[in-house]
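Now for the letters of each chain:
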Amino acid sequence: SSGINAEYGGALYLILKDTLTGINKSANQVTKSYSGNLSFGKGKDWMELNGDLKEILITAYRLAVKLSIDEIVLGEAESTDEFIENLTELLNNWYIGLETDLEWARKIEQSTKHMFSLGFNKEGIYSSRTLTLSQLPVFTGRLNSESVRSTWSALSFELLYLTNDDEERYSIQAHPSTLRNIVTQAADLPLGYPVFSSGPCRISTLK
């Protein structure tokens, strides 16, 4: 949804006040409800049959939890317009759910700007996680072909003529600016390293 429709508005009206005054409720109840186990009371059976409405209520509850945390951390909204603006921001640019949901992985693949989750682990620790999409600079470069061939030439001289059999010899670690370690590994066998390795092989010695 690109804005606040009547369904979200109605669900928030029923849930938000209860969540914002949830200081008297246990963290366990809040986390349980956030995970989708809302207490519908006598209307639970009816609510289970109305999947769309249930999803709206769960989404509204999660929005209310996120808004509550924001008000605690950042301060309360000074006006109704500011509150509506904050809520619209969550609807448009946030995914608020569980890390264990398949939708969480899909939203990451879709480069969602912001993501929020609430959880509880086996050690009894309650936690929340916020992910924010950001630009990460990556540095790339290219090795001069003569530099690579000279490294391989020195490798041949060292192993074949000087017969250095030390696997941790200094020459592998030297000159990190030329990526000597990687270049050495990339040399053809038997001087370099194999380009692949098999998994564990089971060999029976019993006849």
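Preceding block: the structure.
As a starting point, this report considers the structure included with it. (Residues numbered from 1 in each chain as written. Predicted model: local features only at pLDDT ≥ 70, side-chain atom pairs only at ≥ 80, totals over all residues. Heavy atoms only, no water.)

1. Regarding unusual backbone geometry
- Omega for the peptide link from L189 to P190 comes to 10°, which places this bond in the cis form.
- Structurally, the position occupied by P190 is in the segment after α9 (180-185).
- Although it is not a glycine, S111 adopts a positive phi angle of roughly 60°.
- Looking at the secondary structure, you find S111 in the loop between α6 (102-109) and β2 (114-120).
- Owing to a relative accessible area of 41%, S111 belongs among the partly exposed residues under this scheme.
- With phi around 55°, L179 is a residue other than glycine that occupies positive phi space. (Helix = DSSP H or I, 4+ residues; strand = E, 2+ residues; numbered from the N terminus. Buried < 20%, exposed > 50% of the residue type's maximum accessible area, 1.4 Å probe, protein only.)

2. Quick word on the sheet that holds β2
- Taken in spatial order, the 3 strands of this open sheet run β1-β2-β3, and their pairing is mixed. Of all strands in the sheet, those with a lone pairing partner are β1 (94-97) and β3 (126-132), marking the two edges. Strand-to-strand twist across the sheet, computed as the mean angle between neighbouring axes with direction ignored, equals 15°.
- Contacting β1, β2 and β3, helix α2 (residues 27-34) runs over the sheet at an angle of about 125° to β2.
- With respect to the sheet, α6 is in contact with β1, β2 and β3, its orientation differing from that of β2 by roughly 155°. (Pairing = 2+ DSSP bridges. Axes fitted to C-alpha atoms, helices over the stretch in contact; angles between N-to-C directions. Contact = heavy atoms within 4.5 Å.)

3. As for the nonpolar core
- Judged by nonpolar contacts, the single largest core of 15 residues is most densely connected at Y34, L63, V65, L90, I96, F116 and L118.
- When contributions to this core are tallied by element, the ones reaching two or more residues are α2, α4 (51-74), α5 (80-93), β1 and β2. (Core = buried A, V, L, I, M, F, W, Y, C linked by side-chain atoms within 4.5 Å.)

4. Quick look at the pattern of salt bridges
- Inspection of the entire model under this criterion finds 5 salt bridges.
- Between D70 and K66 there is a salt bridge, with its nearest N and O atoms 2.7 Å apart. Highlighted residues: D70 and K66, both in helix α4, separated by 4 residues, approximately one helical turn.
- It is possible to trace a salt-bridge network through shared partners that takes in E103, R106 and K107. (Salt bridge = Lys/Arg side-chain N within 4 Å of Asp/Glu carboxyl O.)

5. Looking at a nonpolar patch on the surface
- Together, F157, L160, Y161 and L162 give the surface a local cluster of nonpolar side chains, amounting to about 500 Å² of exposed area.
- Within the secondary structure, Y161 is located in helix α7 (residues 145-161). (Patch = residues over 30% accessible without salt bridge, like charges linked within 9 Å, V, L, I, M, F, W, Y side chains within 5 Å. Areas by Shrake-Rupley, 256 points an atom, 1.4 Å probe, with all protein chains shown as cover.)

6. Some details on the packing of aromatic side chains
- Applying the stated criterion to the full structure yields 2 aromatic pairs.
- Both rings, one in Y95 and one in W104, keep their centres 6.1 Å apart while their planes meet at 65°; by these two values the pair is edge-to-face. The pair Y95 / W104 is uniform in exposure class, with both members buried.
- Ring centres 6.1 Å apart and planes at 25° place the aromatic pair F157 and Y161 in the stacked group. One end of the pair, F157, and the other, Y161, are both in helix α7, 4 residues apart, so they sit about a helical turn from each other.
- Lying across the ring of W94, K66 places its NZ or CZ 4.2 Å from the centre.
- Directly above the aromatic system of F116 lies the positively charged group of K66, at a separation of 5.5 Å from the ring centroid. (Phe/Tyr/Trp six-rings, centres within 6.5 Å; stacked < 30°, edge-to-face > 60°. Lys NZ or Arg CZ within 6 Å of the ring centre and 35° of its normal.)

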